[in-house]
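Commentary on secondary and tertiary structure
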Amino acid sequence: TQLLEQSPQFLSIQEGENLTVYCNSSSVFSSLQWYRQEPGEGPVLLVTVVTGGEVKKLKRLTFQFGDARKDSSLHITAAQPGDTGLYLCAGGQGYQKVTFGTGTKLQVIP
Amino acid sequence: GAVVSQHPSRVICKSGTSVKIECRSLDFQATTMFWYRQFPKQSLMLMATSNEGSKATYEQGVEKDKFLINHASLTLSTLTVTSAHPEDSSFYICSARAGGGETQYFGPGTRLLVL
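This write-up is about the structure you can find in this document.

About the cut-offs
Residues numbered from 1 in each chain as written. Chains lettered and ligands numbered in written order. Predicted model: local features only at pLDDT ≥ 70, side-chain atom pairs only at ≥ 80, totals over all residues. Heavy atoms only, no water. Contact = heavy atoms within 4.5 Å. Buried area = accessible area lost by both parts, 1.4 Å probe. Salt bridge = Lys/Arg side-chain N within 4 Å of Asp/Glu carboxyl O. Polar contact = N/O pair within 3.5 Å; in protein donor to acceptor, adjacent residues only side chain to side chain. Helix = DSSP H or I, 4+ residues; strand = E, 2+ residues; numbered from the N terminus. Nonpolar A, V, L, I, M, F, W, Y, C, P; charged D, E, K, R; others polar. Pairing = 2+ DSSP bridges. Axes fitted to C-alpha atoms, helices over the stretch in contact; angles between N-to-C directions.

**What to know about the interface of chain B and chain A**
- In this complex, chain B contributes 22 residues to the contact, which on the side of chain A involves 23 residues.
- When the buried area of chain B at its contact with chain A is split by residue, B:Ser43, B:Glu102 and B:Phe106 rank highest and sum to 32% of it.
- Our enumeration of links across chain B and chain A arrives at zero salt bridges.
- Counting across the interface, chain B meets chain A through four residue pairs in polar contact (both at pLDDT 80 or more).
- Among the secondary structure elements, those contributing two or more residues to the side of chain B that touches chain A are strand S4 (30-38), strand S5 (44-51), strand S9 (90-98) and strand S10 (105-106) of chain B.
- Taken together, the residues that form the side of chain B that touches chain A break down as nine nonpolar, nine polar and four charged.

So this is what it looks like as structure tokens:
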């Protein structure tokens, strides 16, 4: 069974602080997605990374795919209350099913 | 683009009844659809993978006779929870993937409460 471990599991920070969420596995993935999910809703895709070492930026969010394509990180700069949610990474291997990470619940306090 | 809808968004039913949940890809053809179950404050647990026109592939521990999946067209998959019991109460989420792509697009989820 492929596992994607996310850390930390829970994170509560003040508005304006920076944070990094990690997604680690012993398996190699051809692509990796990051999603944000709010209570009672489905996950919303934030980004897809496919190349080892790739870095993508989405406003205050920076995503990096590890060189060996086994891990990824999500860095948020100057967090805002609107960033609150459950962050999920998901690794894909071709057209096989996607493996979801264990999730990181982020709370940004105004 | 890449919008996936689910219906209903919430359903309450009595124990022993069956409930059907629909998942539709609105602006693309989904060769593969996935059904997930999510418990509070936890990640998504894959239940089954369905490809249009063929039988669904169920994950270990998921009863295929209880969770019936039909993927009759490239835009519609249905999940039927048969003879529902209170322990089936959960948040069910579908996702769809277009042919040639790896990214899944998720529906908004269906909250099922079995009394």
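That covers the picture; the talk isn't over yet.
**Things to note about the side chain of B:Ser77**
Residues and elements named next belong to chain B.
- With respect to the helices, strands and loops of the structure, serine 77 is situated in strand S8 (residues 76-81).
- Here the side chain of serine 77 touches tryptophan 35 through a polar contact of 3.0 Å, side chain to side chain.
- Aside from chain neighbours lying at most four places away, what touches serine 77 is Ile21, Glu22, Cys23, Met33, Trp35, Ser50, Ile69, Asn70 and His71.

**Comments concerning the sheet that holds strand S3 (residues 19-25) of chain B**
Residue and element names in this part refer to chain B.
- An order of S1-S3-S8-S7 is seen for the four strands of this open sheet, with the pairing classed as antiparallel. The strands lining the two open edges of the sheet, one partner per strand, are strand S1 (4-7) and strand S7 (67-73). Shown here is a sheet whose adjacent strand axes are inclined to one another by a mean of 15°, direction ignored.

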